[in-house]
Amino acid sequence: MWFRKQPPEQQENNLVALINMYKQSGDFVHFHHPQSPQPYWVSYFGTLIDVEILHRDILPFLNKTAFTSLDGVKAALPFEDVLITSDLQKIQDDILQGSVLIQLDVKDATCLLVRAEMKKAREVTIPEEEYSVVGPKEAFVESITTNLNLVRKRLPISELKVKEFTIGTLSKTKVAVLYIDGITNEENVNTVCQRLSDLQFNQILDSSIIAQLIADNGHSLFPQLIDTERPDRVAGVLAEGSVVILAEGSSHALIGPISAMELFNAFEDYYVNWQTATALRLIRIFAVSFSILVTPIYVAVLTYHYQLIPKDLMVTLVSSRRNIPLPPILEAIILELTIELLREAGARLPSKVGQTIGIVGGIVIGTAAVDAGLTSNVLLIIIALAALASFTTPVYRMGNTIRLLRFPFLLLADLWGLLGIAVAFIFLIIHLLNLTSLGRPYLEPIYPPRLKDFKDSFIRFPFSFQSKRPGYLQTKDQIRFSKKKASEVHDIDE
C-alpha cells in the first residue's frame with residue numbers, strides 16, 4: 001500500500017497524489033472535458049479498459065446531460081457494476097483491474113468507478129495434454145470466468161459453491177475454490193482455503209505455482225495435486241467430493257485430495273466399457289514399473305548377477321557388448337541422458353521441428369552410438385522401450401517423476417546389484433507411506449486398506465458396483481446413487 005490511512009479531510013490530497021503517480025505511466029489517461037453540460041474528469045489505464053465501452057456506453061451519457069452529483073451519473077449510466085467510493089485502496093485496486101474513474105471535480109475525494117475491463121481470452125479448444133478419442137473435446141483456457149462457465153454448465157446445481165481469493169502481492173491473481181455443498185468434506189475445503197489465505201508470495205502466474213506452495217510435502221517428486229485441462233474431469237471429481245482450484249491466467253485446474261492410483265487413471269476410462277478401462281489401467285501400471293526398473297535390472301544383472309541370464313540370451317548379450325569399452329552403468333547413463341536431451345530439445349523447439357528432431361535425432365544418434373561401440377544394441381532397445389513406457393501416464397507431472405526416479409535406482413543397482421534395487425524400492429515405499437494429499441493418505445486404498453475403494457483403482461468395476469463415493473475423501477454423503485433403484489430400473493428394461 002503506497003499510502004497510510006488518513007483522516008477524511010486529507011483523502012482529497014491522497015486521491016490527487018494517486019492520479020499524479022499513475023500519470024507517470026505512459027498508458028495512463030487523465031483528461032478533462034470542460035465543454036460538456038457538466039464538466040467532468042475521467043481517468044483510466046488505456047491498456048486495461050475496452051475503449052469501445054468507454055466511447056459507446058460512458059462518454060455519450062456524460063456529454064449530453066448536466067449532473068449535480070455522482071448519484072445522478074450512476075443512475076444514468078447503463079451499467080450494473082458502478083461504485084461510488086472514497087476508499088483509496090478500493091480506487092487503486094479497481095483502476096488496476098480495468099475500471100474508469102469519473103470525478104465531477106478534480107479535487108473531490110469521492111469518485112465513481114465503472115468497470116470496463118478489456119476481456120480478451122483464447123477460444124475454447126480441444127485438450128492437448130489429455131486428448132481422448134471419445135468424450136468431450138473442450139479444454140480450459142486462461143480466463144477464470146470462462147473456466148467457471150465450463151464447469152457450471154456441466155453441474156447446473158445451486159450446491160456448487162465458489163470461494164474467491166486474491167493471491168500475490170504483485171500479480172493480484174484471482175483464485176477460485178470449487179466444491180459441492182452437502183457432498184464435499186468441509187475439512188478438505190477449510191484446508192485448501194486456509195493454505196491459500198496463508199500464502200505469502202509476490203506473483204502467482206499459473207496454478208502449478210499454487211500446487212507447489214500448498215503441497216503437504218514440497219520436497220517430494222510425486223504430485224500431490226492433479227492438474228487437469230479437462231472440464232469434464234473437474235465436474236466428475238467434484239461430484240465425487242473433491243476440491244478444485246482454478247486460477248486466473250492458468251489453463252489447468254488443480255484437484256485434491258488425491259491418491260496415487262488416480263495418477264494412472266485417465267478420465268477417458270469412464271467413457272469405455274469396464275473391461276477395456278481395466279486393461280488400460282493395468283497396462284499403464286506395468287509400463288510405469290517397467291520404465292523405472294528395466295534399466296537398473298539390466299545394470300545389476302550384467303554387473304553382479306550374470307548367472308541369472310539364460311544361456312541362449314547370454315550369447316546375444318556377450319556378442320552385443322564385445323567391443324563396448326564402458327561398464328554397464330556408464331553405458332546406461334549416457335543413453336538415458338541422450339534420451340532426456342532429445343526429449344527436452346523436442347519439447348522446446350516449435351512443434352514441427354521438434355518432432356523431426358526427436359525422430360531423426362533418435363535414429364541417427366542411436367545408430368551412430370552402436371556403430372561407434374559406445375553402447376550395445378540390446379541396451380538401446382531397452383532404453384527406448386523404457387522412455388516409451390514413461391509416456392503412458394495420463395498425468396504429465398507423473399511422467400516427469402518417473403524420468404527422475406530411474407537415476408537413483410540405476411546408481412544403487414551399480415553399487416549393490418539387485419539388493420540396491422530392493423533398498424531403493426523400500427525407501428520409495430516408505431516415502432509414499434508418509435506422503436499425504438491435503439492430509440489424506442497418498443497410498444489409499446492400498447494403505448490404509450479400503451476394500452470398497454478397490455472398485456475404481458487397479459480395476460474399474462462397472463458403474464453398478466460404484467454406488468458409493470471414494471472412502472478416502474470422507475464425504476458428507478457417501479451414497480452416489482441408490483443401487484436398489486438402479487437394479488429395479490435394469491430389471492424393468494429387461
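Right above here is the structure, for reference.
Structural notes, computed from the coordinates. (Residues numbered from 1 in each chain as written. Predicted model: local features only at pLDDT ≥ 70, side-chain atom pairs only at ≥ 80, totals over all residues. Heavy atoms only, no water.)

1. As for empty space enclosed by the protein
- Under the criterion given, the structure shown has one cavity of 30 Å³ or more.
- In this structure, the largest cavity occupies an estimated 50 Å³ of space.
- Forming the walls of the largest cavity are Glu129, Glu130, Asp227, His252, Pro394, Val395 and Tyr396. (1 Å grid on protein atoms, 1.4 Å probe; cavity = no way out; pocket = protein on both sides within 12 Å on 5 of 7 lines; lining within 4 Å. Points joined across faces, edges and corners; volume = space filled by probe spheres on them.)

2. Quick word on the pairing of strand β9 (residues 243-247)
- Most of β9 sits out of view: five of its five residues are buried.
- Burial along β9 is two-sided: Val243, Ile245 and Ala247 facing one way and Val244 and Leu246 facing the other are all buried.
- Looking at chain direction, strand β7 (residues 173-180) and β9 are connected through four bridges and run antiparallel. Opposite Val177, over in β9, you have Ile245 as the bridge partner.
- Relative to strand β10 (residues 253-256), β9 runs antiparallel, the two being bridged by three bridges. (Buried < 20%, exposed > 50% of the residue type's maximum accessible area, 1.4 Å probe, protein only. Helix = DSSP H or I, 4+ residues; strand = E, 2+ residues; numbered from the N terminus. Pairing = 2+ DSSP bridges.)

3. Observations regarding a nonpolar patch on the surface
- Taken together, Ile126, Tyr131, Val133, Val134 and Tyr271 make up a surface patch of nonpolar side chains, about 470 Å² in accessible area.
- Structurally, the position occupied by Ile126 is in the loop between β5 (111-115) and α5 (144-152).
- In this structure Ile126 comes out as partly exposed when scored by relative accessible area, which is 46%. (Patch = residues over 30% accessible without salt bridge, like charges linked within 9 Å, V, L, I, M, F, W, Y side chains within 5 Å. Areas by Shrake-Rupley, 256 points an atom, 1.4 Å probe, with all protein chains shown as cover. Salt bridge = Lys/Arg side-chain N within 4 Å of Asp/Glu carboxyl O.)

4. A short note on the nonpolar core
- Ranked by internal contacts, the top residues of the largest apolar core, which has 43 residues, are Leu178, Phe222, Leu238, Val244, Leu246 and Tyr442.
- Contributions of two or more residues to this core are made by α5, β7, α8 (231-240), β9, β10, α9 (274-303), α14 (396-416) and α15 (418-434).
- No other element matches the five residues that α14 contributes to this core.
- When neighbours within four sequence positions are excluded, Val244 is seen to be in contact with Ala176, Val177, Leu178, Val234, Val237, Leu238, Ala253, Leu254 and Ile255. (Core = buried A, V, L, I, M, F, W, Y, C linked by side-chain atoms within 4.5 Å. Contact = heavy atoms within 4.5 Å.)

5. Here's the deal with helix α2 (residues 51-64)
- Taking 1.5 Å per residue as the helical rise, α2 with its 14 residues ought to reach 20 Å, and the 19 Å between its terminal C-alpha atoms agrees with that figure.
- Where α2 bends most, at Ile58, the angle is about 35°, and the proline Pro60 comes one to four residues later.
- Restricting attention to buried positions, one finds in α2 the residues Ile53, Leu54, Asp57, Ile58, Leu59 and Leu62.
- Where α2 is buried, its residues touch β1 (28-33), β2 (40-45), α3 (70-76), β4 (99-103) and β5.
- At the N-terminal end of α2, a side-chain oxygen is found 3.0 Å from the backbone nitrogen of Glu52, two or three residues along, and the residue is Asp50. (Expected span 1.5 Å × (residues − 1). Bend = angle between axes of the 7 residues up to and from the residue. Polar contact = N/O pair within 3.5 Å; in protein donor to acceptor, adjacent residues only side chain to side chain.)

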